[in-house]
Structures are given as structure tokens and as C-alpha cells.
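Residue strings, one per chain:
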Amino acid sequence: MKKVNNPLLIITELTVLVFLFYFVIRIINKRIKFHVNRGIGQAKQMNNNPLNIRTSDNKWMGKNTQLGDAFESFSDSSFAFRAGLVLLYNYIGMGYDTLAKMITEYAPPSDNNPTEAYIKNVSGWSGVPFDLVLTRNSFPAFAVDIISAMARQEQGKDPDAEKVKEGFDMFKNKYKIS
């Protein structure tokens, strides 16, 4: 094999290698940041999951969660609001019939959630007392306020009211609520 002593050729080859290395590192770094931040801040918006619903076996409408994701992904945030309302509605049937019980089940302290603050905030923002007993018949009257307050707690800002309404309408259709 012939040895090349052309300094210009060596510099060119090194430059190409440096650029390739740079782009590989950028791609890896972006993937790491994306996976570390899944379900946090802007990732919730990217996943259309403003309620930070954890991945489950539920066959949610609009679900497009990838294998290995910690949080559900939806094609549109209105589907996440529908899913959240369905969860809360089902909680009532399981005996979690107050805001305090629902939120303790939804965001338990065992998952390092600030559950007491969550309950206080959602109660204050929604106007629903934390100890008010809800039934499946009474829940729809409070549903939009509760789910909006939960999204505010999860996102740090008020949710898109139109998306909440779309999710609520889909929820009502599922349970034939007028």
C-alpha cells in the first residue's frame, strides 16, 4: 500500500471525519433529550397528552403511543381530554367519588407527585370542593372544569378550551349523556 504524504488530502479527510462525528453526536444528543423529556413540558404538547396520561393497554380513540413510551400519545389533544374524562368517570364507579380521591388515584404520592397541592389547585381552579361526592349523573356538570384544571396543573397553563370541549363532546357521546 502506498503511503500518502499530501497534507491537503490529510486535512480534507480529517475535516470530513470531524463533520461526520459532529452530526452523529447531534443526532444522538437529540434522541437522548427527547426520551429524557418525554411527558414533560413541550413533549406533552408533542404527544398531544396535556393530562400526562401514563401508557396503558387501553385502546383509546386517537391513540398512537409507541412501544416503550412512558406516556400515551394521541393524534390530537381532544382525544387525551376524552381519555382523561373516561378515566375520571370510571374512577367514580370504583369508589373514587370525590376530587381528592380521584386525584390521589390519578397522581399518587407514591409516583412522587405533589398530590396534596394537585388536589388544592384543581379544587381552587375548578371551583369543585375537594370533598364533594360526585356521581356518574353529577360528574358531567363538573367535568370540563375539573379536566381543564387538571391540564393546567400538568402543563402549567390553561388548556385549549376548544380541544377540551371536543374531548367532552366525545366523552358525552360514549356514555350517551345529553
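The text that follows walks through the structure, step by step, so that each part is easy to find. Being a predicted model, the structure only gives us computed values, none of them experimental.

The biggest cluster of nonpolar side chains holds 37 residues, and the ones touching the most others in it are Tyr-106, Phe-139, Ile-146 and Met-150. Of all the elements in the fold, those that place two or more residues in this core are helix 3 (77-93), helix 4 (99-106), helix 5 (115-126), helix 6 (139-155) and helix 7 (161-175). Those residues in contact with Ile-146, other than ones at most four positions away along the chain, are Leu-88, Leu-99, Val-122, Ser-126, Val-128, Leu-134 and Phe-139.

Inspection of every chain in the model, using the stated rule, returns 8 salt bridges. A salt bridge links Lys-163 to Glu-166; its shortest N-O distance comes to 3.9 Å. Linking Lys-163 with Glu-166, this pair stays in helix 7, spanning 3 residues, or about one helical turn. A residue is classified by how much of its surface remains accessible, and Glu-166, at 30% relative accessible area, is partly exposed.

Basis of the calculations
- Residues numbered from 1 in each chain as written.
- Predicted model: local features only at pLDDT ≥ 70, side-chain atom pairs only at ≥ 80, totals over all residues.
- Heavy atoms only, no water.
- Core = buried A, V, L, I, M, F, W, Y, C linked by side-chain atoms within 4.5 Å.
- Buried < 20%, exposed > 50% of the residue type's maximum accessible area, 1.4 Å probe, protein only.
- Helix = DSSP H or I, 4+ residues; strand = E, 2+ residues; numbered from the N terminus.
- Contact = heavy atoms within 4.5 Å.
- Salt bridge = Lys/Arg side-chain N within 4 Å of Asp/Glu carboxyl O.

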